[in-house]
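Spelled out, the chains give:
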Amino acid sequence: MQQQQLTVAQAAKLYGKARSTVHRAMKAGRVSSTVRGDGTRVIAFSELLRVWGEPVNSPTKTQRDATGTPSLTQQASVAEMTQLLSELVELTKRQADELAGMREELRELRRLPAPEKLDQPDAERCSAHLFAAEMAALKARK
């Protein structure tokens, strides 16, 4: 899954903050950002989630056109971000559940007794393997 990246203006609108607030957070090191090939500074959506949590603005409150109503493309981009956020939250929950299961399985494995060492000589252990047994038979015929 490709990571969603937002410009400073998009991040500010999504979280209901001033652009200067986002810039101060970047300058202070609270929010990390990168520069795209076209020179635009962008912030990973996951980074915004880490710092400020879920966006406070609903899709209709985030961006409005000159008439005061959100355009279809603006609604779609905010709706996509909201959908992405929901998917990320769900993925995080599934990963947490999986991690808990793995930890429990590890605890159970640690309770098992250690495997016993084989007391067989090397030749006997090798003969247990089918190919090794055939090779031993061929060598015995010589």
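Coordinates for the structure precede this section.
Residues numbered from 1 in each chain as written. Predicted model: local features only at pLDDT ≥ 70, side-chain atom pairs only at ≥ 80, totals over all residues. Heavy atoms only, no water.

With that out of the way, let us pick up the side chain of Glu-47. Checked against the element boundaries, Glu-47 lands in helix α3 (residues 45–52). On the accessibility criterion, Glu-47 (12% relative accessible area) is buried. Not counting chain neighbours up to four residues away, the residues in contact with Glu-47 comprise Arg-30, Val-31 and Ser-32. (Helix = DSSP H or I, 4+ residues; strand = E, 2+ residues; numbered from the N terminus. Buried < 20%, exposed > 50% of the residue type's maximum accessible area, 1.4 Å probe, protein only. Contact = heavy atoms within 4.5 Å.)

Along the chain, Thr-7 turns up in strand β1 (residues 5–7). For Thr-7, a relative accessible area of 18% gives the class buried. With residues near it in sequence (within four places) discarded, Thr-7 still touches Arg-36, Thr-40, Arg-41 and Val-42.

Here we come to the nonpolar core. Within the largest apolar cluster, 18 residues are counted, with the highest numbers of intra-cluster contacts made by Leu-6, Leu-14, Tyr-15, Ile-43, Phe-45 and Leu-48. Looking at this core, the elements with two or more residues in it are α1 (8–15), α2 (19–28), α3 and α5 (72–111). Here this core gets 5 residues from one element, more than from any other, and that element is α1. Apart from the residues lying within four places of it in its own chain, the contact partners of Leu-48 are Leu-6, Ala-11, Tyr-15, Ile-43 and Gly-53. (Core = buried A, V, L, I, M, F, W, Y, C linked by side-chain atoms within 4.5 Å.)

Scanning all chains against the criterion turns up 3 salt bridges. The partner of Arg-36 in a salt bridge is Asp-38, with the nearest N and O atoms 3.4 Å apart. With its nearest N and O atoms 2.6 Å apart, the salt bridge here joins Arg-50 to Glu-47. Here Arg-50 pairs with Glu-47, and both are found in helix α3, just 3 residues apart, close to one helical turn. Taking relative accessible area as the criterion, Arg-50 reaches 54% and is therefore assigned exposed. (Salt bridge = Lys/Arg side-chain N within 4 Å of Asp/Glu carboxyl O.)

Where α2 is concerned, the buried positions are Val-22, Ala-25 and Met-26. For α2, the angular spread of the buried residues around the axis is 100°, confining them to a single face. In α2, those exposed residues whose orientation departs by more than 90 degrees from the buried face are Arg-24, Lys-27 and Ala-28. Its buried side turned inward, α2 meets α1, β3 (41–44) and α3. (Arc of directions from axis to C-beta.)

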